[in-house]
Each structure stands twice: as structure tokens, then as C-alpha cells.
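Descriptive structure summary
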Amino acid sequence: MVEKTKPRTRRGMKIGRIRICLNVLVQIVLILFLAAMVNSFAFRHYRRWDFSRDQKYALSDKTKRFLQTLKDKMRITVFFSPSTPITADVQNLLTEYQYAGKGKIDLEQIDPERNLSRAKELFDKYKVVTDESLLVLDYDRRNKAVKASEMADIDQSGMALGEGPRIAAFKGEQAITSAMIDLVEGKKKTLGYVTGHKEPALSVSTTPISLLKTFIENENINFQELNLLDQPAIPADLNAVIIVGPQYDFSDREMKLLRDFWDKQGRILILLDPAANTPRLRAFVDELGVKINNDRVMAFVRTGIEELALTRDVQARFLGASPVTRRLADVRAILVGGTSSLTLDS
């Protein structure tokens, strides 16, 4: 016998279609909900990476820490022509500033060749008197300009051969952050470099101390020579004093000036030459709980398959256990020449 199936009624077919529609609707709602959740999570927890070869757009920790201290919004107006070689680099870098600033950086891009009226309005406001591409920082009713020439070294040696200018070095972050600090703090800090005891001369541009001077000045700090022989006291406007490798000892009067400065402000960086005879300076350092040991830091280096040699040029790695070196943790440096070890009072 053949079992006969009952034909589906119109009511049953209608209920089936409703169920299918409801299933499809529920699926669409679930998909939209999941997409919204993923979007929300990505918006709150997204990260950025710089995949450029030299990571020239990756901001340093110093810049990030500074941006986090901003109390008010900083406005950056960019007057860069598309023909300027570093326009794209500056735009990419400023995007990183916006991200790291977390809402504290407002950015406006203006092409002075196309948007003439807006450019003229802001040129008059900020008193811009140059045709060079630049950006203007505006913070708390103070403003400061940073020119394109301050953000890069441009090699134009190929211009005679019909070649365009080439970017030799991009230093946009260094110039922009330095200008920001100057603008926010309102006044540069000043470092006094003590002279008069045969310290390394600043006049030779290739010496380590000259490189240190350049680095300090790039950090928005004034570097000022200080001769204690003709000073009644260390100037109060100095934020710190640095003593680098004196070959002659300080007099009792000079030591009194140093002690008075230490008692008032307490910021002195002393780099002693272990081979120099400076008993008064050593006694001062010892009073502060730092003992200079009568030794030299040395290391073995391999000069052949089975040959080892002692060298005084030692590669060192800073440890993060001390508060003095915490920010330098895992940074490597070369200790050149004879270096003595130190013992710190606990």
C-alpha cells in the first residue's frame, strides 16, 4: 500500500515562512551585535605599530611621557607645501603625536599654496614672516614655530645633476618635542659646565663633551660655561652643575661654593678622571655616600682562536634595580679608557 501524504495547508506554509524569516532576522541581529562588540573592543584596545625600516615615526618614551603631562590642549597648525621633501614624514609623525596625546593634540593641515585666505589669516595671527614650510604650536595663548629646516638635514648636492633634494636625516620628533617643552615650561632650564681645571674643551666639535653639549641643548636645556674662580656664588638660575674630568683639584673656596649649591638645590653631576689627583673632589663625593674604588674596570676580549687580551674599553649594561639607573635599564654603553668602580652607601 502506498501511504498518502496530506497536502500542506496554507496556514502551515505561512507559519513555516514566518519561522524562516524570524531565524534570518535573529541571525542578522546576532551578526550586527558581534560586529558592534568587535568594533567597540578594537576602538578601546587598538594598538599602532611603525613598520618603517628605521622606525622614524615611532615616538620616544620621553615624548610620550611629556604628552601625558599636558594639562590643556595644544593646537598644531601645519603650513607645508606638498613640494616640501619632508611633508609626508611630518604628517605621519604628527599622527603619532595625536595618538599619544590622547585628545590633547588638535591638528590642522593647511596648504599655503591652495588655501590662501586661511593661510593669510593664521600668518597674521602668528606673525609668520617666512615663506619656508613650517608648523606652529599654540598652547595657553603662547605660540612657537618649528621650521622644516629644523626638522631635517636636506642634501642638495644632486641638484646640479638634475636630481631633487634628498633627506639626509629626519629629526622631526627632536625638533617638535623640544619646541613643545619650551612652550609649555615657558623657560628653559640651564646647566652650568664647570671650567678652569683643564676640563675637556667645548670648542672642538668632535669631542665626547661637545657631543654631550649638543645632546643636552637638543633636550631644550641651555648649556652654560661656569668658572668658579670669579663667582661669589653659583648663580641661582642654574638648575644643575656638571663637572667633567678635571685634571686639577678644586680650591677650598670652590668646594664651599659647590657645597652651598648642593645644600640649596642638590643637582651636581660629577665625572671624575680616575688618573687625576683631585682629593678634595673625591672627599666631597665620599661625603655624599659614593666611594671611588682604587681599581680599573677591565674585560677580556678574544683576539684569536686561543688568544685573549685585557682591554679597558668595556661594554657595560645598566641595571634597573637602582632608582638612579631605572630609566636606563638594559641600555648598553661603552666605558672608554680607565674606569673605576663605585661603592654606594646603603
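Scroll up to find the structure.
Below: a short report on this structure. Please read these numbers as outputs of a predicted model, since none were measured by experiment. (Residues numbered from 1 in each chain as written. Predicted model: local features only at pLDDT ≥ 70, side-chain atom pairs only at ≥ 80, totals over all residues. Heavy atoms only, no water.)

1. Considerations on helix 9 (residues 279-287)
Of the positions making up helix 9, those classed as buried are Leu281, Phe284 and Val285. Around the axis of helix 9, the buried residues are gathered within 95° of arc, so they sit on the same side. Summarising the contacts, the buried residues of helix 9 are in contact with strand 9 (240-244), helix 8 (252-264), strand 10 (268-271) and strand 11 (290-292). Looking one or two residues beyond helix 9, the residue adopting positive phi is Gly289, at roughly 90°. (Buried < 20%, exposed > 50% of the residue type's maximum accessible area, 1.4 Å probe, protein only. Helix = DSSP H or I, 4+ residues; strand = E, 2+ residues; numbered from the N terminus. Arc of directions from axis to C-beta. Contact = heavy atoms within 4.5 Å.)

2. Observations concerning the sheet that holds strand 1 (residues 74-79)
With mixed pairing, four strands are arranged side by side in an open sheet as 2-1-3-4. One side of each edge strand has no neighbouring strand; the edge strands of this open sheet are strand 2 (105-110) and strand 4 (142-147). Neighbouring strand axes in the sheet, compared pairwise and without regard to direction, differ in orientation by 15° on average. Where strand 3 (residues 134-139) lies against strand 4, six bridges are found, and the strand directions are antiparallel. From the neighbouring strand, Tyr139 faces strand 4, where its bridge partner is Arg142. (Pairing = 2+ DSSP bridges. Axes fitted to C-alpha atoms, helices over the stretch in contact; angles between N-to-C directions.)

3. Focus: the sheet that holds strand 9
Pairing within the open sheet is parallel, and its four strands lie in the order 8-7-9-10. Looking at which strands have only one partner, the edges of the open sheet turn out to be strand 8 (221-227) and strand 10. Strand-to-strand twist across the sheet, computed as the mean angle between neighbouring axes with direction ignored, equals 20°. Here seven bridges tie strand 7 (residues 189-195) to strand 8, and the two strands are oriented parallel to one another. Paired with Thr195 across the strands is Asn227, a residue of strand 8.

Interpretation note: all reported values are geometric properties and have no functional meaning in isolation.
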